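Examining the three-dimensional arrangement
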Amino acid sequence: MRRRNNEIPVDVYIPFVETLFRDGSTLAVGMVAQTLLMVVVWWKTEHPLYLVVALLMVLVCTLRQRNFRKYNSLPSPTTWEEAHKRENDYILYGTLHGLVLGAFCLAGIYFAHDSFAEIAAVCVTLASATSIAGRNYGSPRMVMIFTVTMTWAISLGFLLRGDFYHVFLGLLSAPFLYAIRKFADTVRDVLFTAISEEKKANRLAQRFNRALNTMSHGLVMLGPDGRIAVANAEAAQLMSVKSPDALLGRSIHGLLMRGVAGGMLALKDCRYIEAQLTRALREGRDRKVLVSLSNGQYLEFSAREGSQELGVITFEDVTARVAAEEKIRFMARYDNLTGLPNRAYFHEVVAECVDGGDRERLCALAVLDLDDFKSVNDTLGHPVGDGLIYAVAERLATFATDTIKVSRFGGDEFMIYFDGVDDEAHLTAMLDRIFACLQGDVDVAGHVLRIQASGGAVLAQAGDSDVDAMIVKADLALYKAKELGKNNWHLFESVMDAAFRSRQLMKADLRAAVEAGALRVVYQPIVSMNTMRIASCEALCRWDHPELGPVSPATFIPLAEEMGIISEISTFVLQAACAECAKWPAPICVSVNLSAKDFRNRDVIAKVRDALTASGLAPQRLEVEVTETALLDDKSQTRAYVEELKSMGVRIALDDFGTGYSSLSYLHKLPLDKVKIDRSFLADVAQNPRSLQLLKGVVDLSRTLGLRVTIEGVETFEQLKILAVTVQPDLVQGFLFGSALSSSGIETMSNTSWPFAQEISRARKSVRG
């Protein structure tokens, strides 16, 4: 703070000067009393000197009072200069006052000596001296001048008397002068400290108040009595009161009951929230409670015990966050075309249904597939095909109840689960009714199409049922229905077990292939959207069966998971991918899928470390793709393993985002580098603006969280162009860039741009222009 002449700070000096002009009435009373005493002494002694002194006192009294009124009528000074001028004026008239009092003393003691005059002079001086420190502490100069002008006259008068005793009295004025000055300095220091501390406290309070009232969260602090002692502006706004002061003195119960009285909160919710917050404050542990209000607003309360027996409750409006989570959750659980549960969510729901209830009850699962759907897409286009799927979904959705679950399983395939089936006849009646409802024509974009579907179903006891096994059996029954002429459904029969035997043989062959290292790894290019060059590759496993030829990963990977040997395949792919990537040009990275089983123990850390060490590959060139299944198995354990991999320098990607129970918590809590958006988001972006907006929303959301984005399943140039112009992901991959390549093929293509790179670049520039 600015100081002048090594004195006190300006903001303290100004209040000190203002104290000099306070209580002018008391000063006026004192001066009138002094003047009357001088008149009385003149009346008694009839000495003209006392009359002169009395007249001078009247003049000084008039000037001082005029000076007081002048400055009391003006606003407070704002600068050091203004305050200093006022102090100088005060000192001028104060000095005159002191000189007149001194002259009265000198006259009474020496020049016009009289016993009454001497006593009166000494008394008035001592009476005035007692007020020097109290009235004039704001000006050390004034204290000194008053002390000198009042005491010098007494000392001089006694010294001039000449005898020993009066000389001795005259010399005693020196310690008297020192005592007054010391007392004034002490008063000044005490008041200076008090004012300084008050200003510090005020500044601290202002900062605290500013910080408190600029918080985006509402905050209240509870005193030891459980009532609100502090509240901020956001709390007042969220509680719909005019100011934070209106919340002071309320209890948690009173605060919540305000919401009940306004119809915003149910009474049972009020009791639950109060219990949770009170428990958190009592136990000293953080606790969060999400509250849904009747107007659709969501508030999240957080409670914790503060210091000095103060409890702290914060709350914020999380309506937007809840809506975003609900949107993402819906996108993850439901098909964006039909609105029906998708494959992963249907599997989750059915598994819960099968495991619950009477284990001896019958349940059934049916698979429906549209006949010759491919020809509709090929001849009329995908938008018409989507319209047909939507029409079928609408008809199937009318059968959905608490015991009947309907799902779009993917493509043109639908699945229906029946819980609590009476017998085979009951299932037959229900499926016949569904197929009868599907029959008929539907108008899609001016094209009249006949709905024709085939189905397969399986009926089993809940205690003996496994969802995956039921799906396999229903699929076998579906294939049988198609063999028998389509447009009908077929129930799984025991004779179809031959398919299971074939499946078992394939399991044995797969195990032998894994043990013999007969699998191979190919690499699907992942292309940079900016350069149209290979930026990374996804390592894919392939199996060439000695008799059946190439076996689809969609077939043998589920088998490997079922057999429990998926980790061995992951290890093989990881080691091969790292070894080959080390041979590629440095900018190109490799991405490896690790299964949910890999993240069930710490071996996954050693597995990755060993692969990097053996190959010499830099950790940042390896990307591990984590599935949502792995995250759901054990969130805390998986998070720990992922963080440890991240600390090694390995990059982490969330694979197939949007196909499972996708949650914002994954994107927020896990140390991810990238999100890979499933091909299902891209399927109809060229025809469906809603799908395009959903895809763009997911990409924008991921990017705001600092994540890179890869979009899978790019199959047409039209899709690529839309992505480049509208969605603008970081990376893309799909069959548009060719099928998976060998390691040498990747190395050959590493410095090559795709032929349509220039056209994509022009399209993006035209949009910017």
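Below you will find a few notes about this structure. In this text the structure is predicted, and so the values were computed from the model without any measurement.

A closer look at the overall build of the chain
Looking only at helices and strands, the chain features 29 helices and 21 strands. Relative to the 2.2 N^0.38 estimate, which gives 27 Å for 769 residues, the radius of gyration of the chain is 46 Å and therefore markedly larger than a compact globule would have. Dimensions of the chain, computed from C-alpha atoms along their principal axes, come out at roughly 150 × 65 × 50 Å. In the chain, which comprises 769 residues, the proportion classed as buried is 46%.

Focus on the pattern of salt bridges
Per the stated rule, a full pass over the model turns up 24 salt bridges. With a closest N to O distance of 3.6 Å, Arg-679 and Glu-715 form a salt bridge. Of the two residues, Arg-679 is situated in the loop between β19 (674–677) and α26 (689–704) and Glu-715 in the loop between β20 (708–711) and α27 (717–727); the sequence distance between them amounts to 36 residues. Exposure remark for Arg-679: the relative accessible area of 38% places this residue in the partly exposed category. Here the salt bridges share partners, and the residues they tie into one network are Glu-538, Glu-625, Lys-676 and Glu-712.

What to know about the sheet that holds strand β11 (residues 453–461)
Spatially, the five strands line up as an open sheet ordered β7-β8-β6-β11-β12, and their pairing is mixed. Bordering the open sheet on either side are β7 (404–410) and β12 (489–491), each of which pairs with just one other strand. Adjacent strand axes in the sheet meet at a mean angle of 20 degrees when their direction is disregarded. Inspection of the sheet shows strand β6 (residues 362–370) paired to strand β8 (residues 413–421) by eight bridges, in the antiparallel sense. What sits directly across from Asp-369, in β8, is Glu-413.

Here's the deal with the side chain of Glu-413
By secondary structure assignment, the location of Glu-413 is in strand β8. The side chain of Glu-413 is buried and forms no salt bridge, while Arg-343, the nearest opposite charge, is found at 4.9 Å. When near neighbours in sequence (up to four residues on either side) are disregarded, Glu-413 contacts Val-367, Leu-368, Asp-369, Ser-407, Arg-408, Asp-475 and Leu-478.

Quick notes on the packing of aromatic side chains
Summed over all chains, the structure comprises 12 aromatic pairs. Here the aromatic rings of Phe-346 and Phe-409 are separated by 6.1 Å at their centres, their planes lie at 85 degrees, and the arrangement is edge-to-face. One end of the pair, Phe-346, is in helix α14 (residues 343–355); the other, Phe-409, is in strand β7, with 63 residues separating them in the sequence. Both residues of the pair, Phe-346 and Phe-409, count as buried. Site record: aromatic cluster; members linked through ring pairs are Phe-21, Phe-68, Tyr-71 and Tyr-90. Above the face of the Tyr-90 ring, Arg-64 is positioned so that its terminal group lies 5.0 Å from the ring centre.

Thoughts on the environment of Ala-560
Structurally, Ala-560 is set in helix α20 (residues 553–563). When the C-alpha atoms of Ala-560 and Lys-507 are compared, they prove to be 7.6 Å apart, with 53 residues separating the residues in sequence. Not counting chain neighbours up to four residues away, the residues in contact with Ala-560 comprise Leu-510, Ile-565, Ile-566 and Ile-569.

A few points about the nonpolar core
Within soluble globular proteins, side chains that are nonpolar tend to cluster in buried spots. Within the largest apolar cluster, 80 residues are counted, with the highest numbers of intra-cluster contacts made by Leu-622 and Leu-695. Leu-622 has contacts with Leu-574, Cys-578, Val-590, Val-592, Val-608, Leu-612, Leu-617, Val-650 and Arg-651, leaving out every residue within four places of it along the chain. Residues Ile-8, Ile-14, Ala-54 and Cys-61 belong to the second largest nonpolar core, which totals 47 residues.

Here's the deal with the side chain of Asp-412
Counting through the fold element by element, Asp-412 comes out in the loop between β7 and β8. For Asp-412, which is buried and forms no salt bridge, the nearest opposite charge comes from Lys-482, at a distance of 6.2 Å.

Some points on the packing of helix α15 (residues 373–380) against helix α16 (residues 382–397)
At a minimum axis separation of 7 Å, α15 and α16 run at an interaxial angle of 140 degrees. Classed by the angle they form, the pair α15 and α16 counts as oblique. The residues of α16 that touch α15, namely those facing Phe-373, Val-376, Asn-377 and Leu-380, are His-382, Val-384, Gly-385, Leu-388 and Ile-389. In terms of residue class, the contact of α15 with α16 is built from six nonpolar, three polar and no charged.

Re helix α17 (residues 424–438)
An ideal rise of 1.5 Å per residue puts 21 Å on 15 residues; α17 measures up with 21 Å between its terminal C-alpha atoms. Turning to α17, its buried residues are Leu-427, Met-430, Leu-431, Ile-434, Phe-435 and Leu-438. Down the axis of α17, the buried set is contained in an arc of 135 degrees. They therefore lie on one face. Structural note: α17 exposes Ala-425 and Ala-436 on the side pointing more than 90 degrees away from its buried face. Regarding α17, its N-cap is Asp-423, as a side-chain oxygen of that residue lies 3.2 Å from the backbone nitrogen of Ala-425 further along. Looking one or two residues past α17, Gly-440 carries a phi angle of roughly 125 degrees, positive in sign.

Considering the packing of helix α4 (residues 80–111) against helix α5 (residues 115–129)
Angle between the axes and distance between the axes: these two values describe a pair of packed helices. Two elements in contact, α4 and α5, have axes whose closest approach is 7 Å; the angle formed by their N-to-C orientations is 150 degrees. Considering the angle they form, α4 stands roughly antiparallel to α5. The hand of the α4/α5 crossing is left-handed. The residues of α5 that touch α4, namely those facing Leu-101, Phe-104, Cys-105, Gly-108 and Ile-109, are Ala-117, Glu-118, Ala-120, Ala-121, Val-122, Val-124, Thr-125 and Ser-128. Residue composition of the contact of α4 with α5, by class: nine nonpolar, three polar and one charged.

Some thoughts on unusual backbone geometry
Of note, Glu-46 is a non-glycine position whose phi angle comes to about 60 degrees, a positive value. Locating Glu-46 in the fold gives a position in the loop between α2 (24–45) and α3 (48–72). Judged by relative accessible area, which is 66%, Glu-46 ranks as exposed. Phi angles above zero are rare outside glycine, and Gln-728 is one such case at about 55 degrees. Following the sequence through the fold, Gln-728 ends up in the loop between α27 and β21 (731–732). On the basis of relative accessibility, which here comes to 36%, the residue Gln-728 falls in the partly exposed class.

Considerations on α20
Residue pairs three or four apart in sequence face the same way in an α-helix, which turns once every 3.6 residues. The set of residues buried in α20 consists of Phe-556, Leu-559, Ala-560 and Met-563. Down the axis, α20 shows its buried residues gathered within 100 degrees of arc, on one side only. The N-cap residue of α20 is Ser-552: its side-chain oxygen and the backbone nitrogen of Ala-554 are 3.1 Å apart. Following α20 by one or two positions, Gly-564 adopts a phi angle in the positive range, close to 80 degrees.

Considering the pairing of strand β10 (residues 447–450)
Relative to β10, strand β9 (residues 441–444) runs antiparallel, the two sharing four bridges. Bridge pairing in β10 links Val-442 to Leu-449. Joining the antiparallel neighbours β9 and β10 is a turn of two residues, in which Ala-445 adopts a positive phi near 55 degrees.

Remarks on the pairing of β6
Of all nine residues making up β6, eight are buried, and the element is well covered by its neighbours. Here nine bridges tie β6 to β11, and the two strands are oriented antiparallel to one another. Of the residues in β11, the one forming a bridge with Leu-362 is Gln-461.

Remarks on the environment of Glu-326
Summarising the element assignment, Glu-326 is placed in helix α13 (residues 319–333). In this structure Glu-326 comes out as partly exposed when scored by relative accessible area, which is 43%. Taking C-alpha positions, Glu-326 is 69 Å from Arg-86, a pair spaced 240 residues apart along the chain.

So, how was this worked out
- Residues numbered from 1 in each chain as written.
- Predicted model: local features only at pLDDT ≥ 70, side-chain atom pairs only at ≥ 80, totals over all residues.
- Heavy atoms only, no water.
- Helix = DSSP H or I, 4+ residues; strand = E, 2+ residues; numbered from the N terminus.
- Rg over C-alpha atoms; globule rule 2.2 N^0.38 Å.
- Buried < 20%, exposed > 50% of the residue type's maximum accessible area, 1.4 Å probe, protein only.
- Salt bridge = Lys/Arg side-chain N within 4 Å of Asp/Glu carboxyl O.
- Pairing = 2+ DSSP bridges.
- Axes fitted to C-alpha atoms, helices over the stretch in contact; angles between N-to-C directions.
- Lys, Arg positive; Asp, Glu negative; His and termini not counted.
- Contact = heavy atoms within 4.5 Å.
- Phe/Tyr/Trp six-rings, centres within 6.5 Å; stacked < 30°, edge-to-face > 60°.
- Lys NZ or Arg CZ within 6 Å of the ring centre and 35° of its normal.
- Core = buried A, V, L, I, M, F, W, Y, C linked by side-chain atoms within 4.5 Å.
- Parallel < 35°, antiparallel > 145°, perpendicular 65-115°, else oblique.
- Nonpolar A, V, L, I, M, F, W, Y, C, P; charged D, E, K, R; others polar.
- Expected span 1.5 Å × (residues − 1).
- Arc of directions from axis to C-beta.
- Polar contact = N/O pair within 3.5 Å; in protein donor to acceptor, adjacent residues only side chain to side chain.
- Left-handed = near helix turned anticlockwise from the far one by under 90°.

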